[in-house]
Amino acid sequence: MVTEKIQKVCKILQRITLLIGIFTIILPIVFWNRIPEVIPSHYNAAGIPDQYSDKGILIFILFMVALLMGIMSIAVYYVKQEMTSKYVKEANASQMSAAYIMLVFMNFAIQCIFAYITYCSATARNLGKFFLIFAVILVFVPIVVFMIYGYKNEKKRFNYNIYIINTLDHNW
């Protein structure tokens, strides 16, 4: 189960994520006149722009930021509701707790990535040669940690079930 301290950290991280998303949407609109007319619209694996478009492409990026914020917020909300439900089994609550933490961290990582891409596009800068590696690590580390946690949790549950079965066999 999620401890009070972890829940507090997740709540703070959710608020920071929301602020990053809001600023990612608002700042380009506020500084629209300062954005160059032609900006990078695609980057290669080295983080160097290889396609350019009109600055109107930023509207698509801003739409994607808002859409991802909404989808991830809904996912986090429903997992948290399921995790705290009185009808959920303890084993499932444990998995839901891990999924909740994973989603909160992934949401933060995705919003940071989109904020950085928006900033680099709006200022016509390179992403940097390590951006792709960093972005992949940011997105996939929470998934890997969740999978490892799930495997360990399933292994404990399996061992517990074997113990119960052996205990029942000895009682007969």
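Below is a summary of the structure that appears in this document. (Residues numbered from 1 in each chain as written. Predicted model: local features only at pLDDT ≥ 70, side-chain atom pairs only at ≥ 80, totals over all residues. Heavy atoms only, no water.)

**Examining the pairing of strand E1 (residues 38–43)**
Next, step 1: Two strands pair when backbone bridges link them, and E1 and strand E2 (residues 49–54) are joined in this way by five bridges, in the antiparallel orientation. Pairing of Tyr43 across the sheet is with Pro49, part of E2.
Next, step 2: Turn length for the E1-E2 hairpin, with the two strands adjacent in sequence and antiparallel, is five residues, and the turn residue Gly47 shows positive phi of about 85°. (Pairing = 2+ DSSP bridges. Helix = DSSP H or I, 4+ residues; strand = E, 2+ residues; numbered from the N terminus.)

**Quick word on the pattern of salt bridges**
Next, step 1: The tally for this structure, following the rule as stated, stands at one salt bridge.
Next, step 2: Two residues, Lys55 and Glu37, come together in a salt bridge whose shortest N-O distance is 3.4 Å. Of this pair, Lys55 sits in the loop between E2 and helix H2 (57–84) while Glu37 is found in the loop between helix H1 (4–30) and E1, placing the two residues 18 residues apart along the sequence. (Salt bridge = Lys/Arg side-chain N within 4 Å of Asp/Glu carboxyl O.)

**What to know about the packing of H1 against H2**
Next, step 1: Closest axis-to-axis distance for the H1/H2 pair is 10 Å, and the angle between their directions is 165°. Accordingly, the angle class assigned to the pair H1 and H2 is roughly antiparallel. When the axes of H1 and H2 are compared, the crossing they make is left-handed. Packed against H1, whose contacting residues are Gln7, Gln14, Leu18, Gly21, Ile22, Thr24, Ile25, Pro28 and Ile29, the element H2 presents Leu62, Val65, Ala66, Met69, Val76, Lys80 and Met83 at the interface. (Axes fitted to C-alpha atoms, helices over the stretch in contact; angles between N-to-C directions. Parallel < 35°, antiparallel > 145°, perpendicular 65-115°, else oblique. Left-handed = near helix turned anticlockwise from the far one by under 90°. Contact = heavy atoms within 4.5 Å.)

**A word on the side chain of Thr24**
Next, step 1: Mapped onto the elements, Thr24 comes out in helix H1.
Next, step 2: Using a relative accessible area of 6% as the deciding quantity, one classes Thr24 as buried.
Next, step 3: One polar contact links the side chain of Thr24 to the main-chain carbonyl oxygen of Ile20, over a distance of 2.6 Å.
Next, step 4: Contact partners of Thr24, with chain neighbours within four places excluded, come to Leu62, Val65, Phe114, Ala115 and Thr118. (Buried < 20%, exposed > 50% of the residue type's maximum accessible area, 1.4 Å probe, protein only. Polar contact = N/O pair within 3.5 Å; in protein donor to acceptor, adjacent residues only side chain to side chain.)

**What to know about the nonpolar core**
In summary, soluble globular proteins display a tendency toward joint burial of nonpolar side chains.
Next, step 1: Ranked by size, the top nonpolar core spans 29 residues in total, and within it Leu58, Tyr100, Leu103, Val104 and Phe114 carry the most contacts.
Next, step 2: Residue assignment for this core shows that the elements contributing at least two residues are H1, E1, H2, helix H3 (90–122) and helix H4 (131–171).
Next, step 3: In terms of residue count, the dominant contributor to this core is H3 (11 residues).
Next, step 4: The contact partners of Leu58, leaving out residues within four places of it in the chain, are Trp32, Ile35, Ile39, Thr118, Ser121 and Ala122. (Core = buried A, V, L, I, M, F, W, Y, C linked by side-chain atoms within 4.5 Å.)

**Let's talk about the packing of aromatic side chains**
Next, step 1: If you walk through the whole model with that rule in mind, you get two aromatic pairs.
Next, step 2: Ring plane angle 80° and centroid distance 5.3 Å describe the contact between Tyr77 and Tyr78, whose orientation is recorded as edge-to-face. (Phe/Tyr/Trp six-rings, centres within 6.5 Å; stacked < 30°, edge-to-face > 60°.)

**Re a nonpolar patch on the surface**
Next, step 1: A cluster of nonpolar side chains, namely Leu18, Leu19, Ile22, Phe23, Ile26, Leu27, Val30 and Phe31, defines an oily patch on the protein surface of about 710 Å² accessible area.
Next, step 2: Checked against the element boundaries, Phe23 lands in helix H1.
Next, step 3: Since its relative accessible area comes to 47%, Phe23 is described here as partly exposed. (Patch = residues over 30% accessible without salt bridge, like charges linked within 9 Å, V, L, I, M, F, W, Y side chains within 5 Å. Areas by Shrake-Rupley, 256 points an atom, 1.4 Å probe, with all protein chains shown as cover.)

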